[in-house]
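So you can see what is in the structure, the chains are spelled out below.
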Amino acid sequence: MRDKEKVSDLAILGGPPAFHEKLHVGRPNIGDREKLFERFRGVLDRNWLTNNGPLVQEFEKKIQELHAVKHCIAICNGTVALEIVTRAVGLSGEVIIPSFTFIATAHALQWQEITPVFCDINPQTYNLDPEQVEKLITPRTTGIMGVHLWGRACDVSALTAIARKHNLKLLFDASHAFGCSSQGEMIGGFGNAEVLSFHATKVLNTFEGGAILTNDDELAKRIRYMRNFGFQDYDTVVYLGINGKMNEICAAMGLTGMESFEKFQATNYRNYQAYSRALEGVPGIKVVPYNEKEKCNYQYLVLTVDEKVAGISRDVLSRILHAENVLARRYFFPGCHRMQPYASMPFYKGLRLPETEKASSQLLALPTGLAVGESEIHSLVKIIKLSLAHAHELKSKL
Ligand SMILES: *Cc1c(COP(=O)(O)O)cnc(C)c1O
């Protein structure tokens, strides 16, 4: 790692990159290796690899406790969890979701021929705007799926009120929200059900994995059957089901990661504070704030780049950082409604979501997590400041 002192030091202008090794967004958090290998050995010793094994059951129990929810059903990944839960609550027709999310939120519906109706966000929170949600309800609407983007809870109480008033199902894509709360209450028990993802990039990972959380006993039972081809017992099938089971190796990873979760969270929090301090007062650049009164995992360090003030666009800044081996990401760009297949479907023709489009042109996620510390943040922020100070010159050269 070397610090940049003058604009010609920037890698995009021919200088050597600041970082020898690439800094990624969403590098996996891995817990104690010895503990993990011990669990792997146990799996082989028991010769019980999948089908609701003891580690999956233990993992589910631990998540139930942490998220203060009655049922946790572990699933092979978050997307399949979304597909199973939408089917289990009986969604069809149209379901209102934000466009400003990872594409899986929309695909999980479209895959089942349910139409995702894209709603704009509140520019302060980057989450679903409840007022807009209500305007999109039609006779075909059967549900709403909020997303707790970056682990920052969406407006749960407003969405709950709307769902009640219109007799709609309410689900939450809580893929980012492991270990997070909303108004002091742990995420997991809101709406009919909530879905976590344990993909490798998430704060807690099981290589690939997900879970459905709910307080509804009947629904939990249905989901358990659906996860296992609809089997009720050894040879009775009661529902259309799929193979959504989590295996024991994945659960071993999850259990081991959970034991280090406080460390992951503390590292992310320290990085968030360091970035926020270092970027304070930099014109046109803001770190998206977390509400520190809530439980947060601080897994996403997101900046907004206001080109009019910063003098440089998010995309140019992103190119400059990539040249320095900082693989910043445009989370989420360009919005689901401008991605395929939605962008070319007649249903979405002419759809404009001004706040989503603005956010997706300004936001940039930076690396955080265990691979990033004070010195990386210091060098990285120096690059940002140098770029802004020479915005005019850089614009003419790039
Ligand atoms: C990661 C993610 C998913 C999908 O989860 P997988 O476990 O990767 O299938 C869904 N929604 C959002 C918002 C995500 O970030």
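Residues numbered from 1 in each chain as written. Predicted model: local features only at pLDDT ≥ 70, side-chain atom pairs only at ≥ 80, totals over all residues. Heavy atoms only, no water.

## Looking at the overall build of the protein
Note the threshold: The secondary structure listing takes helices from DSSP runs of H or I that are at least 4 residues long and strands from runs of E that are at least 2 residues long, numbered from the N terminus. Taken over C-alpha atoms, the radius of gyration is set against a globule rule of 2.2 Å times the number of residues to the power 0.38. Here's how the labels work: a residue is buried when its accessible area is under 20% of the maximum for its type, exposed when over 50%, partly exposed in between, all with a 1.4 Å probe on protein chains only. Contacts are residue-level and defined by heavy atoms, with any inter-residue pair within 4.5 Å sufficient. Method for areas: the Shrake-Rupley scheme with a 1.4 Å probe, in which residue coverage is limited to the protein chains shown. Note that His is not counted, nor are the chain ends; the positive residues are Lys and Arg, and the negative ones are Asp and Glu. To locate a charge, the coordinates of NZ of Lys, CZ of Arg, CG of Asp or CD of Glu are taken.
The helix and strand tally for the protein stands at 14 helices and 14 strands. Its C-alpha atoms give the protein a radius of gyration of 22 Å, near enough to 21 Å, the size a compact globule of 398 residues would have. Dimensions of the protein, computed from C-alpha atoms along their principal axes, come out at roughly 70 × 55 × 35 Å. In the protein, buried positions account for 56% of the 398 residues. Contacts spanning at least 24 positions in sequence make up 69% of the contacts within the protein whose residues lie at least 6 apart. For the protein, the exposed surface amounts to about 17,800 Å²; the carbon and sulfur share of it is 51%. Taking the average location of the 45 positive side-chain charges in the protein and that of its 43 negative ones, the two points are 4 Å from each other.

## Some points on the sheet that holds strand 14 (residues 363–366)
Operational definition: Should DSSP find at least two bridges between two strands, the strands are taken to pair. Under this scheme, a helix contributes an axis fitted over its contacting stretch, all axes are lines through C-alpha atoms, and angles between N-to-C directions fall in the 0 to 180 degree range.
As summarised here, the arrangement of the 3 strands in space is 11-12-14, forming an open sheet in which the pairing is antiparallel. Among the strands making up the open sheet, the edge pair consists of strand 11 (285–287) and strand 14. Between one strand and the next, the sheet's axes are offset by a mean angle of 30 degrees, whatever the strand orientation. As judged from the 4 bridges shared by strand 12 (residues 301–305) and strand 14, these two strands associate in the antiparallel manner. The residue of strand 14 that forms the bridge with Leu 301 is Leu 366. Taken strand by strand, helix 9 (residues 261–279) contacts strand 11, strand 12 and strand 14, and its axis lies near 155 degrees from that of strand 11. In the packing of helix 11 (residues 314–323) onto the sheet, the strands contacted are strand 11, strand 12 and strand 14, and the crossing angle to strand 14 comes to about 20 degrees.

## Thoughts on the site of the ligand
Cut-off, in case you're wondering: Being near a molecule or strand, for a residue, comes down to having at least one heavy atom within 4 Å of it. Under this definition, polar contacts are N or O atom pairs within 3.5 Å; protein pairs additionally need one hydrogen-donor-capable and one acceptor-capable atom, and for neighbouring residues in sequence, both atoms have to be side-chain atoms. Under the scheme applied, nonpolar residues are Ala, Val, Leu, Ile, Met, Phe, Trp, Tyr, Cys and Pro; charged residues are Asp, Glu, Lys and Arg; polar residues are all the others, including Gly.
Surveying the vicinity of the ligand reveals 14 residues, the closest of which are Thr 79, Asp 173, His 176, Ser 197 and Lys 202. Between Ser 175 and the ligand, the recorded distance is 3.3 Å, taken from a side-chain N or O atom to a nitrogen atom. Within the contact set of the ligand, an oxygen atom lies 2.8 Å away from a side-chain nitrogen or oxygen of Ser 197. For the ligand, whose free accessible area comes to 380 Å², the fraction covered by protein is 94%. Of the residues that constitute the shell around the ligand, the class distribution is 2 nonpolar, 10 polar and 2 charged.

## As for the packing of helix 2 (residues 54–66) against helix 8 (residues 248–259)
Operational definition: Note on convention: near helix rotated counterclockwise from far helix by under a right angle means a left-handed crossing. Clockwise means right-handed.
Relative orientation of the contacting elements helix 2 and helix 8 amounts to 35 degrees, with a least axis distance of 8 Å. Helix 8 is crossed by helix 2, and the crossing has left-handed handedness. When helix 2 is examined against helix 8, the residues Pro 54, Leu 55, Val 56, Glu 58, Phe 59, Lys 62, Ile 63 and Leu 66 are found in contact with a partner set consisting of Glu 248, Ala 251, Ala 252, Gly 254, Leu 255 and Met 258. Class assignment for the residues of the contact of helix 2 with helix 8 results in 10 nonpolar, 1 polar and 3 charged.

## Some points on the domain arrangement of the protein
Threshold: Per the annotation, domain bounds derive from an automatic or database assignment of domains. The working definition used for a salt bridge is a side-chain nitrogen of Lys or Arg within 4 Å of a carboxyl oxygen of Asp or Glu.
When cut into domains, the protein gives domain 1 (7–28 + 260–328 + 367–397) and domain 2 (33–259). Across the contact, 18 residues belong to domain 1 and 22 residues belong to domain 2. Where domain 1 touches domain 2, the interface holds 0 salt bridges. Applying the counting rule to domain 1 against domain 2 returns 12 residue pairs in polar contact (both at pLDDT 80 or more). Mapped by element, the contributors of at least two residues to the side of domain 1 that touches domain 2 are helix 9 and strand 12. Element by element, the count of residues in the side of domain 1 that touches domain 2 is highest for helix 9, at 4 residues. Taken together, the residues that form the side of domain 1 that touches domain 2 break down as 9 nonpolar, 7 polar and 2 charged.

## A look at the sheet that holds strand 2 (residues 71–75)
One open sheet accounts for 7 strands, arranged 2-10-9-6-5-3-4; its pairing is mixed. One side of each edge strand has no neighbouring strand; the edge strands of this open sheet are strand 2 and strand 4 (115–119). Along the sheet, successive strands turn relative to each other by an average axial angle of 25 degrees, direction set aside. Pairing between strand 3 (residues 94–98) and strand 4: 5 bridges, direction parallel. Counted as the bridge partner of Ile 96 is Val 117 from strand 4. Contacting strand 3, strand 4, strand 5 (141–147) and strand 6 (169–173), helix 4 (residues 103–110) runs over the sheet at an angle of about 145 degrees to strand 4.

## Overview of the pairing of strand 4
Across the 5 residues of strand 4, 5 count as buried, placing the element largely inside the fold. Burial along strand 4 is two-sided: Thr 115, Val 117 and Cys 119 facing one way and Pro 116 and Phe 118 facing the other are all buried.

## Notes on the pattern of salt bridges
Here the structure, examined in full by the defined rule, presents 19 salt bridges. Where Glu 60 meets Arg 224, a salt bridge forms, and the shortest distance between an N and an O atom there is 3.1 Å. Of this pair, Glu 60 sits in helix 2 while Arg 224 sits in helix 7 (residues 217–227), placing them 164 residues apart in sequence. A residue is classified by how much of its surface remains accessible, and Glu 60, at 4% relative accessible area, is buried. Under the relative-accessibility criterion, Arg 224 is labelled partly exposed at 27%. With its nearest N and O atoms 3.9 Å apart, the salt bridge here joins Glu 374 to Arg 277. With Glu 374 in helix 13 (residues 374–389) and Arg 277 in helix 9, the pair connects residues that are 97 residues apart, well separated along the chain. On the accessibility criterion, Glu 374 (49% relative accessible area) is partly exposed. Take Arg 277: its relative accessible area is 52%, and that puts it in the exposed class. Each of Asp 3, Glu 5 and Lys 382 takes part in salt bridges that share partners, so that together they form one network.

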